[in-house]
Amino acid sequence: MDENTNNMDLSEQTTNEERPMSDVEDTTPLPVTDYEAMANKIMPELGQEIEDFKYDTWHVTNWRHLEKRITGPEFEAGNWKWRILLFPSGNNNQDTVSIYLDFVDPKGAPAGWHSCVQFALVLWNPEDPTQYIYHHAHHRFTAEESDWGFTRFYDLRKLLTPCENRTRALIENDSTNITAFVRVLKDPTGVLWHNFIKYITSFISIIQSLIRKYSLLLWPSIFLALCLTSSYSYDSKKETGYVGLKNQGATCYMNSLLQSLYCTTYFRKAVYQIPTEDDEPIKSVSLALQRVFYQLQTSNTPVGTTELTKSFGWDSIDSFMQHDVQEFNRVLQDNLEGKMKSTKADGAITKLFVGKMKSYIKCVNVDYESSRVEDYYDIQLNVKGCKTLRDSFKDYIQEETLEGDNKYQAEGHGLQDAKKGVIFESFPPVLHLQLKRFEYDIQRDAMVKINDRHEFPMEIDLEEFLSEDADRSSPHKYLLHGVLVHSGDLHGGHYFALLKPEKDGKWFKFDDDRVTPVIDKEVLEDNYGGESPNANAITIRSAGRNHKRFTNAYMLVYIRESNVDEILSPVVHEDIPEHLQKRLEEERAEEERRRKEMEERHLYLIVKIVTAEKFKVHQGFDLANFDDRQYPLSDVFTYKILKADTYGSFKEHVARSFNIPTEQVRFWVLVNRQNKTVRPDAPIADALTNTSMEEIHAKMTSRQNEMKLYMEVADKPINGKTWFPTVPEANHIMVFLKYFDPDKQALEGLGHLYIQKFGKVGDITRVLCEKKEFPPDTPLKIYEEIKPNMIEEMKLKSTFQQSEIQDGDIICFQKALTEKEIQEHTTSGRYWDIPHFYESLTLRIVVLFKPKLKDRDPKPEFEIVLNKKWTYDQVAGAAGTHLNTDPLKLRFTTAHSTSGTPKNVIKRTTNQTLSEMLQTAYLSPPAHVLFYEMLKISIVELETKKFIKVYWLGNTVKDEEVIELGFPKDAVVNDIIDEISKHEKVTSSSPNSRIRLFDVHHNKIQKEYTGSEPIERIQEHTTLYAEEIPQDEIHADQNDRTIQVYHFTKDPIRVHGIPFKFVIKNGETLADTKVRLRHRLGMNEKDFSKVKIAIVPGASYAKPEYLEDDDIILSEKKLSNEECLGLDHVDKTGRAGRVGGVEKAIFIRG
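Residues numbered from 1 in each chain as written. Predicted model: local features only at pLDDT ≥ 70, side-chain atom pairs only at ≥ 80, totals over all residues. Heavy atoms only, no water.

Quick notes on a negative patch on the surface
Point 1. A contiguous patch of negative charge, built from Asp970, Asp975, Asp978, Glu979 and Glu1016, is present on the exposed surface.
Point 2. Among the secondary structure elements, aspartate 970 is positioned in the loop between strand S42 (960-967) and helix H26 (973-982).
Point 3. Judged by relative accessible area, which is 67%, aspartate 970 ranks as exposed. (Patch = residues over 30% accessible without salt bridge, like charges linked within 9 Å, V, L, I, M, F, W, Y side chains within 5 Å. Areas by Shrake-Rupley, 256 points an atom, 1.4 Å probe, with all protein chains shown as cover. Salt bridge = Lys/Arg side-chain N within 4 Å of Asp/Glu carboxyl O. Lys, Arg positive; Asp, Glu negative; His and termini not counted. Charge placed at Lys NZ, Arg CZ, Asp CG, Glu CD. Helix = DSSP H or I, 4+ residues; strand = E, 2+ residues; numbered from the N terminus. Buried < 20%, exposed > 50% of the residue type's maximum accessible area, 1.4 Å probe, protein only.)

Digging into the packing of helix H6 (residues 252-263) against helix H7 (residues 265-272)
Point 1. In contact at an axis separation of 5 Å, H6 and H7 are set at 90 degrees when each is read in the N-to-C sense. The orientation of H6 with respect to H7, classified from their angle, is roughly perpendicular. Listed contacts from H7 to Leu261, Tyr262 and Cys263 of H6 are Thr265, Phe267 and Arg268.
Point 2. Here the contact of H6 with H7 is built from residues that sort into four nonpolar, one polar and one charged. (Axes fitted to C-alpha atoms, helices over the stretch in contact; angles between N-to-C directions. Parallel < 35°, antiparallel > 145°, perpendicular 65-115°, else oblique. Contact = heavy atoms within 4.5 Å. Nonpolar A, V, L, I, M, F, W, Y, C, P; charged D, E, K, R; others polar.)

Some points on the packing of aromatic side chains
Point 1. Overall, the coordinates contain 49 aromatic pairs when judged by the stated rule.
Point 2. Where tryptophan 82 meets phenylalanine 141, the ring centres are 5.0 Å apart and the plane angle is 75 degrees; that geometry is what we call edge-to-face. With a gap of 59 residues between them, tryptophan 82 in strand S4 (residues 80-87) and phenylalanine 141 in strand S7 (residues 128-142) connect regions that are remote in the sequence. Summarising the burial analysis for this pair, tryptophan 82 and phenylalanine 141 share the class buried.
Point 3. Plain terms: the ring middles of tyrosine 242 and phenylalanine 508 are 5.5 Å apart, the flat faces sit at 50 degrees to each other, and that makes the pair tilted. With tyrosine 242 in the loop between helix H5 (236-240) and H6 and phenylalanine 508 in strand S23 (residues 507-511), the pair connects residues that are 266 residues apart, well separated along the chain.
Point 4. Relative accessible area serves as the criterion here: at 15%, tyrosine 242 is assigned to the buried category.
Point 5. Given the relative accessible area of 9%, phenylalanine 508 is considered buried.
Point 6. Sitting over the ring of phenylalanine 637, lysine 614 keeps its end group 4.9 Å from the ring centre.
Point 7. The positively charged end of lysine 1004 is found above the aromatic ring belonging to tyrosine 1046, 4.5 Å away from the centroid. (Phe/Tyr/Trp six-rings, centres within 6.5 Å; stacked < 30°, edge-to-face > 60°. Lys NZ or Arg CZ within 6 Å of the ring centre and 35° of its normal.)

Considering the pattern of salt bridges
Point 1. Counted under the stated rule, the structure contains 62 salt bridges.
Point 2. Salt-bridge contacts for glutamate 164 lead to lysine 158; the nearest nitrogen and oxygen are separated by 2.7 Å.
Point 3. Overall, the relative accessible area of 22% leaves lysine 158 in the partly exposed class.
Point 4. Measuring nitrogen to oxygen at the nearest pair gives 3.0 Å for the salt bridge that ties glutamate 566 to lysine 351. Of this pair, glutamate 566 sits in helix H15 (residues 564-567) while lysine 351 is found in helix H12 (residues 348-353), placing the two residues 215 residues apart along the sequence.
Point 5. Overall, the relative accessible area of 34% leaves glutamate 566 in the partly exposed class.
Point 6. Take lysine 351: its relative accessible area is 42%, and that puts it in the partly exposed class.
Point 7. Salt bridges here are not isolated pairs; linked through shared partners, they connect Arg996, Glu1008, Glu1027, Glu1033, Lys1061 and Arg1080.

Details of the nonpolar core
Point 1. Among the nonpolar cores identified, the biggest contains 60 residues, and Phe267, Phe293, Leu336 and Met340 are the most heavily contacted of them.
Point 2. Discounting residues that sit within four places of it in the chain, phenylalanine 267 has contacts with Leu261, Phe293, Leu336, Ile349, Leu352 and Phe353.
Point 3. One finds Met357, Ile397, Phe465 and Leu524 within the second-largest nonpolar core, a separate group that totals 37 residues. (Core = buried A, V, L, I, M, F, W, Y, C linked by side-chain atoms within 4.5 Å.)

Quick look at the sheet that holds strand S37 (residues 862-867)
By way of backbone hydrogen bonds, the strands of a sheet pair with one another, either parallel or antiparallel.
Point 1. The sheet built from five strands is open, its strands ordered S37-S36-S40-S38-S39 with mixed pairing. Across the chains shown, the open sheet's two edge strands, defined by having one partner strand only, are S37 and strand S39 (902-905). On average, each strand axis in the sheet is inclined to that of its neighbour by 40 degrees, with strand direction left out of account.
Point 2. Where strand S38 (residues 890-895) and strand S40 (residues 929-934) come together, five bridges link them in antiparallel fashion. Within S40, the residue paired with arginine 891 across the bridge is glutamate 933.
Point 3. Sitting on the sheet, helix H23 (residues 872-883) is in contact with strand S36 (844-851), S37, S38 and S40, with an inclination near 110 degrees to S38. (Pairing = 2+ DSSP bridges.)

Brief notes about the environment of leucine 753
Point 1. Turning to its location among the elements, leucine 753 is positioned in strand S32 (residues 746-756).
Point 2. In this structure leucine 753 comes out as buried when scored by relative accessible area, which is 14%.
Point 3. Sequence separation between leucine 753 and valine 767 is 14 residues, and the spatial gap between their C-alpha atoms is 9.4 Å.
Point 4. Setting aside residues up to four positions removed in sequence, leucine 753 forms contacts with Ile733, Met734, Val735, Leu737 and Val767.

Points about the pairing of strand S28 (residues 665-672)
Point 1. Most of S28 sits out of view: seven of its eight residues are buried.
Point 2. Judged from the five bridges that link them, S28 and strand S30 (residues 707-713) form a sheet pairing that is antiparallel. Of the residues in S30, the one forming a bridge with valine 665 is valine 713.
Point 3. Note that S28 and strand S29 (residues 678-683) share five bridges and pair antiparallel. Counted as the bridge partner of valine 669 is alanine 682 from S29.
Point 4. Where S28 folds back on S29, the antiparallel hairpin that results is connected by five residues, among which lysine 676 adopts a positive phi of roughly 70 degrees.

Considerations on the environment of serine 473
Point 1. Mapped onto the elements, serine 473 comes out in the loop between strand S20 (459-461) and strand S21 (477-489).
Point 2. There is a polar contact of 2.7 Å between the side chain of serine 473 and the side chain of aspartate 471. (Polar contact = N/O pair within 3.5 Å; in protein donor to acceptor, adjacent residues only side chain to side chain.)

Focus on helix H1 (residues 35-42)
Point 1. Of all the residues in H1, the buried ones are Tyr35, Met38, Ala39 and Ile42. For H1, the angular spread of buried residues about the axis comes to 100 degrees, placing them on one side.
Point 2. Among the structural elements, strand S1 (50-60), strand S6 (114-125), S7 and strand S9 (176-185) are those in contact with the buried residues of H1. (Arc of directions from axis to C-beta.)

Thoughts on unusual backbone geometry
Point 1. Non-glycine residue serine 342 carries a positive phi angle of around 60 degrees.
Point 2. Since its relative accessible area comes to 74%, serine 342 is described here as exposed.
Point 3. In this structure, glutamate 804 is a non-glycine residue whose phi angle is positive, near 60 degrees.
Point 4. Take glutamate 804: it is sitting in the loop between strand S34 (790-793) and strand S35 (810-815).
Point 5. When its relative accessible area of 65% is taken as the criterion, glutamate 804 is described as exposed.

Describing the sheet that holds S29
Point 1. Judged by pairing direction, the sheet is mixed, and its five strands sit side by side in the order S27-S26-S30-S28-S29 without closing on themselves. Whereas interior strands pair on both sides, the edge strands pair on one side only; in this sheet they are strand S27 (637-642) and S29. Averaged over all neighbouring strand pairs, the angle between strand axes comes to 40 degrees, with direction disregarded.
Point 2. Where strand S26 (residues 604-610) and S30 come together, four bridges link them in parallel fashion. Bridge pairing in S30 places isoleucine 609 opposite leucine 709.
Point 3. Contacts from helix H19 (residues 693-700) reach S26, S27, S28, S29 and S30 within the one sheet, and its direction differs from that of S30 by about 100 degrees.

The analysis is restricted to geometry; functional conclusions fall outside its scope.
Have a look at this one:
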């Protein structure tokens, strides 16, 4: 270490917060020389096993004359040599003393060496060991970080005088003592305090500084490879045999569950059995998941999940929303269960994860029991009030006594005292236990995270929680397989998984893209929650985002011991679909090819060639448009050649590809002129046949990354001897010709022409007429294309030298028009001369049209060349022609300049130009994008009427039809209802039926319209529903009442689905109410069995009252006007509501 090395000061410690110098003193009489006691006092317990403990004191003399940097005597700890490193006048700071613990021989350390050390450095008065000052820290010492300590150990002036309650100076008679206390700790996982990020960050910084300092040019791929191979010192696959999953933004919850499912190999095999040969990964959840699993098996680097989330139907916003692991698990398994039907995997999920539990109410004094047996996929257990997992199970099956005012209405027996509870009929082979870490706090009227301590074991026997009638033929001993951990609070945090993939194997931490070994303590104790066993202890893992207080188990995975060999049996080659292996191997080969191509990119040169045929059809400036994306790019011939190739071999290769003899081909190099045009400058001489293309490129076009050439082809030799004129030649100039046809409004390239330098411009008119097969005396207008905004007419009597014509210049011509012809072109809106036509070319712009509603109504993307000055109607006309639709039925929307998403609808006006519509002139490069919609009505009508979108509900709530209607702006709601009743999508049950119109906000009914309201009061983004009022509501008697029903998932504020009005019939049992509800929802019995019914109070965050007894008379509950009926079930549609910061319900569509 030297003075320029950045090392740890007190503000950089992971163990001590920076504090005033006086705060670090200790005035207790314990002397430093009581070394064991002193070490225990000043170094907190870290919870790690100590391998070795040593202390060493260095007596420092002649302080005022010490060198700037000095080291103490060597001592041994943990079989390695250490010493104290001292900067008496400070390291880059003369006001403070700097002291470090230094590993003696970093250069001689074995490859990958490290030592985890907790240490304290104490400076004390040799005559009075009770006068001292200390700092402590812990560090993972490596060859790269071989010293660690305190840049600002203490203020130098305060060491030399008695101060701050000290009776003596710490440095007296120019001498002092410095003691190093060193604990070398065991590192059973090999990653204790591993700083996974620091090395690569430091290395990149060094490389970047070298690039800046020495102007080094590194290809990005080489630079990236250097970063990854040279500095990223941790390799998950090498260290653990497993790889992680990349986090897309907030997908750690998904990654932790996917790793858990992946390590449940029986499940992985079942997923592999789903037929996916003909699927597309981004449209098939099954295939995308298969691909993730296969890549986790075979990849050496972290695996991406973008394909998988796209197959769910998610966009980038969904990937930045954190969801509940349990909810995601249920939605994913529901999706896969459907895909597994009628395949080899059919029933696999039920076999693995489904158990049975019985809900019952049993009378105490009469022989009557009401019970229902249901399937469960996971068990939600209380943490609050339960110290252990066994306590949580006991709490779960705890009976509730129904007595007094809460007696049970038993059929045939009247009101009875009863016991109400649940008991398990069976446990599945793989048991998912959800620990209820998030609960409603009635005192705070808010959801909170429960961080209470909750212990769970490595093994648990669950037989005591089975019913008397349950099958006990097999043991019910379960082994802990996985712990999914949440670190954070209610509003956010991080998920990771601790998993034991093999029965007798090790535990690993799967933390997004990193997998590390862990010890049992990190699986159990570190995730029980509650307060740290030692309040002063330092967090021993430096992951940065894990805070002991907020880090605890959220989901537990147990496997039945008797099934563990089957559940965790290894996946063999035959288990993996052949098409999956083949497809991914092909993709990896392609990826490797691209990687190699990137690495070898510097060896190649791109050569673009313009031929006479390409020039002939070019509609623009110069010979071709190579890279200006504002205009259509020219389809020129492109070759990728080795820079080392000779010109001769290149020329021969190209000539052969065009089937032209090599001697009839000559290449002109195109250069960028100062006026920003690209023109041929000089031919490549035959004398360079054996010269490399790299040399020619450097010599003739050094300012260009690629080489642009014009291929000159000779039809016959000159004078029977040579094929091409000599260049440079005193009298000859090679020019290019373009003809403008005002009738076609197009240019035509007519190749090149050698002209006499001293010849007159008018002398070539006959040649030009001949090229277009005009009569020889046809009057022509001749212009020079100097640059885009400079097209000048040439004087026929001037020589080409006087006109400053040189090799590569472009001459344009057209017929001279009569006044009548000019008038006809002008009347027809055509450009009649070359200057005006070229001016129109500067206004050309390539616009990309994208469908605005691509998810709902897939339409193509397309590009059209338009004019910046065109009006809305002209733009619509061009787009309408391309789409073969009425231009007035197109509506356009601008694109957001940064996100590229739709921004503002463009109003149709007569004077607005395309340039104004795009609003992107300030962007560089400009983004010319418009979104389009194909309307069912004219945009003229759209802008003069108010249009209402209504969702019509059929016989069931899930049947939805969209009805779009237009009304005069003075219409009322009854007009909407009248039009709906006549609509072709609406079928009434009777002539006297009545229609209800209501608006829905956040998936709850906000307002039911009476009919007299003006439609102008309906806000633009209001969600409107219409339905035929059910007959049981119309004919309800005075004791029946109508209540709102809405859907939610787990928490009443996590709403989804379509709310509706429903009649609570007087005296009807819940069982009969459920039948009517199921029919109204249009659900089958299996799906409806997963719906929990609850009474939800109107207050925010209020706790719902779940209704579990089918014999309950709902009408007797005396519901208030604010209370609703809530249906608690997973949303499978993805059309969830969102309130404030609450995430929308998760969905999987693919």
